[in-house]
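Residue-level structural notes
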Amino acid sequence: MDHPQRAVFFLEEDASVPAHSKPLMLEAVLFCPILRWMSEKLLADGVQRFFVVCGPRFAEEARACLPESTQVIVSEQQRELLDFLDTEEETAVFVRAALPAAEAGPGFAYAAPGHELAEVWREKMTNAIPGARLLDGWLPVFGLETISELEPLFRDRIVRRHIQNGVRVLDPAAVYIDPRVQVGRGTLLLPGTILRGETTIGCHCEIGPQALVDGCRVGDGVVINASQVTGSTLGDGCDVGPYAHVRPGCDVGPKCHVGAFVQLKNCHLGAGTKMSHLTYVGDADVGSGVNFGCGTITTNYDGFEKHRCIIGDNAFIGCNTNLVAPVTVGEGSYIAAGTTITKDVPADALAVGRARQENKEGWARRYRQLHGK
């Protein structure tokens, strides 16, 4: 049987629930809004246009559940809905949240020609549509309790699909994967791995244990160990962690090393750049082959605005260095350990910014004696 060409979703707003609650179609199952689950299935079946009956409070959130390229109208105006239904095309109607499941029987969604729906709804909103046919393949979601019951089922199905596609999952019961995620062949997912959002993982990676990757593009051969990566890109052969935090807006080049207790934010790292531990790089453009010593910080915030650092290729940043942005560090330059950089460093220069050391012989012994020690 042919699939409908259009779909209408009714996002109910229940006055009996707390004010902070949202329509059930916008609640997430495995991190993905139910409306996204529904629209992805309908798009795959050939639906081309959508109408979401929704008030202004949730209109933006509802629109974000469908791909930008999709033809979508989000409105609660009956006139706009009737104009949308001015067609002979068969239109699917969803009056409640539902999840796609091939084994589900008919009864929770239906379809009818658009003009027939418009004729009935022009007078009264009712589901008693003459000639409508029931659609199968949809499991109804009645509330948060239903979501809790269904999530393990859909988690297992998603994990099994990735295993069938050549992904190695050490403990399928300890991995959670958003339905939007893509994972390449040969990748190993270790226990505690959570993959969310529009994430793409390359081939032959190792993710976990205890790793969260959300809305990222991850290249081939990448290792993410006990770390969080959000809204960023990791090039081929990178390794991250343990206990690193890659915040949104980062573009990490191939074969970079982002080690223990390192945090990145809104920065670009060139190929082969390394920071082994206890480093913060935010709002920075870093070249290739740069080495960051332990305790390096880009001081990017002055209390009012964020400023960027620029670090050239093959620069060597010594331990316990502060880079007070905005500042530029030239290619091949060295920064001595314990230095605070407040002005640009020329290429191939050595920058030293320390207080002069002075040793007072015998001072510590006299101090202890003064305090009876």
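Now for a quick tour of the structure. The structure displayed is predicted, hence computed values, not measured ones.

**What to know about the overall build of the protein**
Summing up its helical and strand segments, the protein has 6 helices and 38 strands in all. Its C-alpha atoms give the protein a radius of gyration of 28 Å, more than 25% over the compact-globule value 21 Å for 373 residues. Principal-axis analysis of the C-alpha atoms gives the protein an extent of 100 × 50 × 45 Å. Residues counted as buried form 44% of the 373 residues belonging to the protein. Pairs at least 24 apart in sequence give 33% of the contacts found in the protein among residues at least 6 apart. Entry remark: accessible area of the protein is about 18,700 Å², with carbon and sulfur atoms responsible for 51%.

**Thoughts on the sheet that holds strand β29 (residues 284–286)**
A sheet is described by the order of its strands in space; here 9 strands give the open sequence β13-β16-β19-β22-β25-β27-β29-β32-β35, paired in parallel fashion. Because the sheet does not close on itself, it has two edges, and the strands there are β13 (182–183) and β35 (327–329). In the sheet, β13 pairs with strand β16 (residues 200–201) via 2 bridges, with the strands oriented parallel. Residue pairing across strands places Val-183 opposite Ile-201, the latter belonging to β16.

**Here we look at the pairing of strand β28 (residues 274–282)**
Where strand β26 (residues 257–265) and β28 come together, 7 bridges link them in parallel fashion. Its bridge partner being in β28, Ala-260 is matched across the sheet by His-277. In terms of strand pairing, β28 meets strand β30 (residues 291–292) through 2 bridges, oriented parallel. Looking at the pairing, Lys-274 lines up with Asn-291 of β30.

**Comments concerning the pattern of salt bridges**
Per the counting criterion, the structure on display carries 15 salt bridges. Of the charged contacts, one joins Asp-283 and Arg-308 as a salt bridge, the two residues approaching to 4.0 Å between their closest N and O atoms. Taken together, the residues span a long stretch of sequence, with Asp-283 in the loop between β28 and β29 and Arg-308 in the loop between β31 (297–299) and β32 (309–311) at a distance of 25 residues. Residue Asp-283 is classed as buried on the basis of its relative accessible area of 4%.

**A look at the sheet that holds strand β8 (residues 110–113)**
Taken in spatial order, the 6 strands line up as β5-β4-β1-β6-β8-β9 in an open sheet, and their pairing is mixed. Lying at the two open borders of the sheet, with one neighbouring strand each, are β5 (71–75) and β9 (133–134). In this sheet, β9 lies alongside β8 in antiparallel orientation, the contact comprising 2 bridges. Looking across to β9, one finds that Tyr-110 is bridged to Leu-134. Against the sheet, helix α1 (residues 34–44) makes contact with β1 (6–10), β4 (49–53) and β6 (90–94), and its axis sits at roughly 170° relative to β1, the strand it touches most. Lying over the sheet, helix α4 (residues 114–121) contacts β1, β6 and β8, oriented at roughly 95° with respect to β8.

**Overview of a nonpolar patch on the surface**
Taken together, the side chains of Phe-316, Tyr-334, Leu-350 and Val-352 present a nonpolar region at the surface, about 410 Å² in accessible area. Looking at where Phe-316 falls in the secondary structure, it is placed in strand β33 (residues 316–317). Of the residues examined, Phe-316 reaches a relative accessible area of 33% and is grouped as partly exposed.

**Concerning the environment of Leu-190**
Mapping Leu-190 onto the fold places it in the loop between β14 (188–189) and β15 (194–196). As for Leu-190 and Ser-21, which are separated by 169 residues in sequence, their C-alpha atoms are 34 Å apart. The contact partners of Leu-190, leaving out residues within four places of it in the chain, are Leu-170, Val-175, Glu-206, Ile-207, Gly-208 and Pro-209.

**Looking at the layout of surface pockets**
Roughly 240 Å³ of internal volume is contained in the second largest pocket. As for the second largest pocket, its lining consists of 15 residues, of which His-3, Pro-4, Arg-133, Leu-135 and Asp-136 are closest to the centre. Put simply, the parts of the chain that give the lining of the second largest pocket at least two residues each are α1 and β9. Partitioned by chemical class, the residues of the lining of the second largest pocket number 8 nonpolar, 2 polar and 5 charged.

**A few points about the side chain of Ser-333**
Relative to the assigned elements, Ser-333 resides in the loop between β35 and β36 (334–335). Of the residues examined, Ser-333 reaches a relative accessible area of 0% and is grouped as buried. Among the polar contacts made by the side chain of Ser-333, one reaches the main-chain carbonyl oxygen of Gly-330 at a distance of 2.8 Å. When near neighbours in sequence (up to four residues on either side) are disregarded, Ser-333 contacts Asn-314, Ala-315, Phe-316, Val-345, Pro-346, Asp-348 and Ala-349.

**Overview of α4**
The complete set of buried residues in α4 reads Gly-114, Leu-117, Ala-118, Val-120 and Trp-121. In an axial view of α4, the angular spread of the buried residues amounts to 165°, which keeps them on one side of the axis.

Criteria and cut-off values
Residues numbered from 1 in each chain as written. Predicted model: local features only at pLDDT ≥ 70, side-chain atom pairs only at ≥ 80, totals over all residues. Heavy atoms only, no water. Helix = DSSP H or I, 4+ residues; strand = E, 2+ residues; numbered from the N terminus. Rg over C-alpha atoms; globule rule 2.2 N^0.38 Å. Buried < 20%, exposed > 50% of the residue type's maximum accessible area, 1.4 Å probe, protein only. Contact = heavy atoms within 4.5 Å. Areas by Shrake-Rupley, 256 points an atom, 1.4 Å probe, with all protein chains shown as cover. Pairing = 2+ DSSP bridges. Salt bridge = Lys/Arg side-chain N within 4 Å of Asp/Glu carboxyl O. Axes fitted to C-alpha atoms, helices over the stretch in contact; angles between N-to-C directions. Patch = residues over 30% accessible without salt bridge, like charges linked within 9 Å, V, L, I, M, F, W, Y side chains within 5 Å. 1 Å grid on protein atoms, 1.4 Å probe; cavity = no way out; pocket = protein on both sides within 12 Å on 5 of 7 lines; lining within 4 Å. Points joined across faces, edges and corners; volume = space filled by probe spheres on them. Nonpolar A, V, L, I, M, F, W, Y, C, P; charged D, E, K, R; others polar. Polar contact = N/O pair within 3.5 Å; in protein donor to acceptor, adjacent residues only side chain to side chain. Arc of directions from axis to C-beta.

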